[in-house]
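Each chain is listed here by its residues.
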Amino acid sequence: MGLEVKDAKWFFDQLSDPDERGCMEWTKSKKGNGYGQIMWRSRNTSTHRLAYTLAFGPIPEGLLVMHSCDNRACC
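For clarity, every value in this text was computed on a predicted model and none was experimentally measured.

Caption draft 1: A look at the environment of K31. In this fold, K31 is placed in the loop between α1 (5-13) and β1 (37-40). Along the chain, K31 and K6 lie 25 residues apart, while their C-alpha atoms are 25 Å from each other. Excluding anything up to four places from it in sequence, K31 contacts G36, Q37 and S46.

Caption draft 2: Up close: the pairing of β1. Burial of the side chains of β1 is restricted to one face: I38 and W40 are buried, whereas none of Q37 and M39 on the reverse face is. Sheet analysis places β1 next to strand β2 (residues 43-46), joined by 4 bridges and oriented antiparallel. Note that in β2 the partner of M39 across the bridge is N44. Hairpin connection from β1 to β2: 2 residues lie between these consecutive antiparallel strands, with R41 at a positive phi of about 50°.

Caption draft 3: How the structure looks around the confidence of the model for the chain. Chain-level pLDDT for the chain is 89 on average; 93% of the residues reach the 70-or-more range. The secondary-structure element of the chain with the lowest mean pLDDT is α1, recorded at 83, while β2 shows the highest, at 91.

Caption draft 4: Summary view of the pattern of salt bridges. Per the counting criterion, the structure on display carries 2 salt bridges. Of the charged contacts in the structure, one is a salt bridge between D13 and K9, with a shortest N-O distance of 2.8 Å. Taken together, the residues span about one helical turn, with D13 and K9 both in helix α1 at a distance of 4 residues. Judged by relative accessible area, K9 falls into the exposed class, the value being 52%. The salt bridge partner of R21 is D19, with a shortest N-O separation of 3.3 Å. For D19, a relative accessible area of 25% gives the class partly exposed.

What counts and what doesn't
- Residues numbered from 1 in each chain as written.
- Predicted model: local features only at pLDDT ≥ 70, side-chain atom pairs only at ≥ 80, totals over all residues.
- Heavy atoms only, no water.
- Helix = DSSP H or I, 4+ residues; strand = E, 2+ residues; numbered from the N terminus.
- Contact = heavy atoms within 4.5 Å.
- Buried < 20%, exposed > 50% of the residue type's maximum accessible area, 1.4 Å probe, protein only.
- Pairing = 2+ DSSP bridges.
- pLDDT = per-residue confidence, 0-100.
- Salt bridge = Lys/Arg side-chain N within 4 Å of Asp/Glu carboxyl O.

Here it is in structure tokens:
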């Protein structure tokens, strides 16, 4: 995917400060179901999946990126 440090900085600057559960919520556009969404490299992407990619690299095929907090806006 060729992500750059500036991409990660911009993305993480769009998150709220952690709440009492440690959730850092996406502060921009959300889908009707509450998940954060962003147009990233010409694709509509869920922000929790992009957060994983920026932090750890590409999501391996077959792996699900899930919220242990059940907060759909959390990244």
